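Report on the structure
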Amino acid sequence: MDRIDRINRPGWKRNSLTPRTTTFPCPGCEHDVDLGERGINGLFRNFTLETIVERYRQAARAATAIMCDLCKPPPQESTKSCMDCSASYCNECFKIYHPWGTVKAQHEYVGPTTNFRPKILMCPEHETERINMYCELCRRPVCHLCKLGGNHANHRVTTMSSAYKTLKCGPRRDGAVVELSSDLQPAAKETPLPVEQWSVEKLSKDIDYLIGKESQVKSQISELNLLMKETECNGERAKEEAITHFEKLFEILEERKSSVLKAIDVSKKLRLDKFQTQVEEYQGLLENNGLVGYAQEVLKETDQSCFVQTAKQLHLRIQKATESLKSFRPAAQTSFEDYVVNTCKQTEVLGELSFFSSGIDVPEINEEQSKVYNNALINWHHPEKDKADSYVLEYRKINRDEDMSWNEIQVRGTSKVVSDLEENSHYAFRVRGYQGSICSPCSRELILHTPPAPVFSFLFDEKCGYNNERLLLNLKRDRVESRAGFNTLLAAERIQVGYYTSLDYIIGDVGITKGKHFWAFRVEPYSYLVKVGVASSDKLQEWLRSPREAVSPRYEQDSGHDSGSEDTCFDSSQPFTLVTIGMKKFFIPKSPISNEPENRVLPMPTSIGIFLDCDKGKVGFYDMEHMKCLYERQVDCSHTMYPAFALMGSGAVQLEESIAGKYLEYQEDM
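For clarity, every value in this text was computed on a predicted model and none was experimentally measured. (Residues numbered from 1 in each chain as written. Predicted model: local features only at pLDDT ≥ 70, side-chain atom pairs only at ≥ 80, totals over all residues. Heavy atoms only, no water.)

1. Let's talk about the pattern of salt bridges
- Using the criterion set out here, one finds 13 salt bridges in the structure.
- For the salt bridge of Arg522 with Glu656, the shortest nitrogen-to-oxygen distance reads 3.3 Å. You can see Arg522 sitting in strand β23 (residues 516–523) and its partner Glu656 sitting in the segment after β32 (651–655), a full 134 residues away along the chain.
- Here Glu656 falls in the buried class, since its relative accessible area comes to 10%.
- Residue Lys539 pairs with Glu542 through a salt bridge whose shortest N-O separation is 3.6 Å. Of the two residues, Lys539 and Glu542 both sit in helix α12 (residues 537–545), three residues apart, roughly one turn of that helix.
- One connected set of salt bridges, linked through shared partners, spans Glu394, Glu408, Arg430 and Arg432. (Salt bridge = Lys/Arg side-chain N within 4 Å of Asp/Glu carboxyl O. Helix = DSSP H or I, 4+ residues; strand = E, 2+ residues; numbered from the N terminus. Buried < 20%, exposed > 50% of the residue type's maximum accessible area, 1.4 Å probe, protein only.)

2. Focus: a negative patch on the surface
- A cluster of acidic residues, Glu232, Glu236, Glu240 and Glu241, forms a negative patch at the surface.
- Residue placement: Glu232 occurs in helix α7 (residues 214–283). (Patch = residues over 30% accessible without salt bridge, like charges linked within 9 Å, V, L, I, M, F, W, Y side chains within 5 Å. Areas by Shrake-Rupley, 256 points an atom, 1.4 Å probe, with all protein chains shown as cover. Lys, Arg positive; Asp, Glu negative; His and termini not counted. Charge placed at Lys NZ, Arg CZ, Asp CG, Glu CD.)

3. Points about helix α9 (residues 304–326)
- With 23 residues, α9 extends 32 Å from end C-alpha to end C-alpha; this agrees with the ideal 33 Å at 1.5 Å per step.
- At Ala311, α9 is deflected by roughly 35 degrees, the largest bend along its length. (Expected span 1.5 Å × (residues − 1). Bend = angle between axes of the 7 residues up to and from the residue.)

4. Focus: the confidence of the model for the chain
- Averaged over the chain, the pLDDT score is 77; the fraction of residues at 70 or greater is 75%.
- Across residues 9–19, confidence stays below pLDDT 50; counting only partners more than four residues off in sequence or on other chains, it has 25 contacts.
- Under a pLDDT of 50 for its full length, residues 547–571 has, in the predicted model, 51 contacts with residues more than four places off or in other chains. (pLDDT = per-residue confidence, 0-100. Contact = heavy atoms within 4.5 Å.)

5. Regarding the side chain of Asn375
- With respect to the helices and strands, the residue Asn375 is situated in the loop between β12 (371–372) and β13 (376–381).
- Given the relative accessible area of 11%, Asn375 is considered buried.
- Of note is the side chain of Asn375, whose polar atom sits 3.0 Å from the backbone oxygen of Ile659. (Polar contact = N/O pair within 3.5 Å; in protein donor to acceptor, adjacent residues only side chain to side chain.)

6. As for the sheet that holds β23
- Read across the open sheet, the seven strands follow the order β20-β21-β32-β23-β28-β29-β30; overall the sheet is antiparallel. Bordering the open sheet on either side are β20 (471–473) and β30 (628–634), each of which pairs with just one other strand. Averaged over all adjacent pairs, the angle separating strand axes in this sheet is 20 degrees, with direction ignored.
- Sheet topology places strand β21 (residues 479–482) next to β32; four bridges connect them, and they run antiparallel. Within β32, the position partnered with Arg479 by the bridge is Gln654. (Pairing = 2+ DSSP bridges. Axes fitted to C-alpha atoms, helices over the stretch in contact; angles between N-to-C directions.)

So, in structure tokens, the structure goes:
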């Protein structure tokens, strides 16, 4: 119901780049249907279904009577309801409130009901107009405004009564159909017109045919029940087989695990034994222990024959111990780098573990055509296009703290828009193909980083400060170009010493007063000098009112942070921030920490994003491809802030187009 409420609110946000479109799953075919700009209000009311629902409601209310709305307590049971007054009356109250000879006596009344919606079919295109014609070409009801200047102006239409007779009773045998002339007056024509290939008589025959086949339908239902049971049994059998295969894999892993751990334990014991032997040898070098103690006792020997017998051997042992002490080296290595288990290939193979695909190739996500902005657009292609009937797009948020589950979307085509993604988050996307019940392995994962704030939609303002002599704005107002025209040459001809061309400003048509916002754009590679950023309303008025040709190039107020005038007040918050882009470079403004040219000049990103946080008074400039912040600083947001752009020389700025959340399946067939 919440989704229906959202669909029921038509229209789109003012100054948005694209109209809001809404998809809704069709209960019949289960495919998403694009409801367009007006949402559910663009659909016809189904009076037939309303009548059926009301009939069952009345049957349910048979035990509970509808009481009169105007009676004094206790109220009497109502006998009729007025559709114009939207109230129920008993006989006495109806006579009192609908006296003869008054306007209310002409009100439409029905039996007791709680449904007071008027049974009048209104035109979805013209909400105040009733449906009174039938378009032969489109085979749908229309109003007279649709015929006069709408989508059905050149179509052949008939009166509603003529269409009713044709559909109810079938076409006339002589083929004559009444058509409306250009002045909307009925004009009889005997020319046979295309009519519906069915009638009430044929429909009744079809219903009788279905009733006569009731036994056949029951047998088919029984057959379907058997197929359901068979499917359940086969599914359980498939689960058992899958468990058996995984248990075999577990056995192999357990065997390899015990073998690897045993080899590590053997190596560890051997190394510890070597270290222990070396420790014992070095302990013998200590005084009163081992070799040193024995040598001290030998030196105390007074018997010449005993001393001569052991002196030579003792000397060799002492010399060997001395050399070992001088060139100390551990008897074994402590590192087990040679015993690290390499599972990269096995992990990749296990990650692609799936059902036998019978030759279905793995889909590949097109990273160049896939992007994320207000929504995520994922495109992929399949090597064998005709082998996959459908696809399943999986995505999940990457969270280090917990393992998020995969969300699945069934897709018929090879592209899909994913909405409702969290801000400033990493998402992984993958896709797999299906042919019947057989699926291919998953594609390689694509990681995308969502913007840090909701996308702010705006267009270039053609009224505020726009210089049409040097700036060229397209019809959609999402692209502006700077051109050096003839007026620039004439102005330069009058200057003998030198000439300085000022910046030409253009701003967004929507301001920002609070909250977090993000927008993106592309600067053409051939651009000479472009400044981008934000500026307050009062600062823009100051810039746009100042004489263009009398501004100093060093102390120009629109120079952002690149001139020397801002060095002294860098730490203070100011009501504007502009960065310079040009000649395929992105220039980081000066700062007391890093002022070297090599640290301030970066390659120009393909797409640049700006993040404005009015609550914290910060503005950041992002590389959209990697969603990486290149530069951030404080900005005074006490006044209304506007996206600001300034161009000089040849250059162009293109606003990023929002990704429409519409249904993109079957795109390849269109």
